[in-house]
Each structure stands twice: as structure tokens, then as C-alpha cells.
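# Observations on chain architecture
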Amino acid sequence: MNKNEILDYVKNLDGFEGYISPLSTKLDESLIFDFGDKISFDGIIFEAHFFNPSSKKSIQIRLVNDAWLISETELDKVDESDIKSFHTKFGKKVKMAQIWREENDEYCENKAVLKLQKVVFAGFVKDKK
């Protein structure tokens, strides 16, 4: 995707929360979007992460060389114990999901072991009221 296509893609995300890390500038609070916020950005996206709590879909966008790559991951089958939360400097806690897959490992007598495949954004921790 080119710059305009990726910006259109991001602006049309509905029901997502997440953040955009721009190229050549620091992430600030204006680039953190809570669930229901209209996502708007006109710069160059270096990296972005979004999560839809209804569909349990995580989207990662990355600038690689001169193109943007989009990785969509369904988290509906991820165990809650594989979702960890982390503090940010903006006072929000983010949730990250670890995706594991069973694979035979030559160093474990070819027995099946769990191997980490990727870690993806799984939304923000909601305040308990």
C-alpha cells in the first residue's frame, strides 16, 4: 500500500482502539485512540496497532522500506493467560497477546513444544468502576 491507501485504510477502521507511531516524531497522546474515537492522522505512519474488542481482531501496520505491511490477527482463540498488560508513559496500560503454536523441536527429541509465533496489541486495560 502507498501512503494515501494506508491513511484511507486507517481512517475507515470502525470500532477499534489503538495508537499510531509517526515517522520522525515522538508518539504523543493525540495519537492514542480509545474505543469509539474517530481515527485521524495525515502524516507518515511508521507503526500502528489497533484492536477491535467486539471482533477480537488485532491489526499491526508497519512501514518497511517504501511500503506499508498490514498484519491482521484474530484473537478469539487466545487464552486469557496469554494476554499481559504493561504500563505506558501516558498513564494507560496496554494489553499484548502472545500467540503460541505447538511444533516438533529437534532439540527436544522431536517432541511437540509450544513456540512463540508473535506478540500483538490486544487493546487497553479498562478502568474498573
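Heads up: the structure comes first, above all this text.
Take the sheet that holds strand β7 (residues 93-105) next. Within the open sheet, the 3 strands sit side by side as β6-β7-β8. Their pairing is antiparallel. Sheet topology places β6 (83-87) and β8 (111-124) at the edges, where each strand pairs with a single neighbour. Taken pair by pair, the neighbouring strands of this sheet meet at an average axis angle of 30°, ignoring direction. Pairing geometry for β6 and β7, over 5 bridges, is antiparallel. Bridge pairing in β7 places Ser85 opposite Lys95.

Moving on, we come to the nonpolar core. With 18 residues, the main nonpolar core has Val10, Ile20, Ile39, Ile45, Phe50 and Ile61 as its most contacted residues. Residue assignment for this core shows that the elements contributing at least two residues are α1 (3-11), β3 (45-52) and β4 (57-64). Here this core takes 4 residues from α1, the largest share from any one element. Beyond its immediate chain neighbours, meaning those up to four positions away, Ile45 contacts Leu7, Val10, Ile20, Ser21, Ile61, Leu63 and Trp68. Counting residues in each nonpolar core, the second largest holds 13 residues, with Val94, Met96, Ala97 and Ala122 among its members.

Next up on the list: the environment of Leu75. Along the chain, the position of Leu75 falls in the loop between β5 (67-74) and β6. By relative accessible area, which is 5% here, Leu75 ends up buried. The spatial distance from the C-alpha of Leu75 to the C-alpha of Ser58 is 7.1 Å, given a sequence separation of 17 residues. Setting aside anything within four residues of it in sequence, one finds Leu75 in contact with Phe51, Lys56, Ser58, Ala97, Ile99, Val120, Phe121 and Ala122.

By secondary structure assignment, the location of His49 is in strand β3. According to the relative accessible area criterion, His49 is buried, its value standing at 7%. A sequence separation of 17 residues divides His49 from Ile32, and the C-alpha atoms of the two residues are 9.8 Å apart. A distance of 3.2 Å separates the side chain of His49 from the side chain of Glu47, its partner in a polar contact.

Parameters at a glance
Residues numbered from 1 in each chain as written. Predicted model: local features only at pLDDT ≥ 70, side-chain atom pairs only at ≥ 80, totals over all residues. Heavy atoms only, no water. Pairing = 2+ DSSP bridges. Helix = DSSP H or I, 4+ residues; strand = E, 2+ residues; numbered from the N terminus. Axes fitted to C-alpha atoms, helices over the stretch in contact; angles between N-to-C directions. Core = buried A, V, L, I, M, F, W, Y, C linked by side-chain atoms within 4.5 Å. Buried < 20%, exposed > 50% of the residue type's maximum accessible area, 1.4 Å probe, protein only. Contact = heavy atoms within 4.5 Å. Polar contact = N/O pair within 3.5 Å; in protein donor to acceptor, adjacent residues only side chain to side chain.

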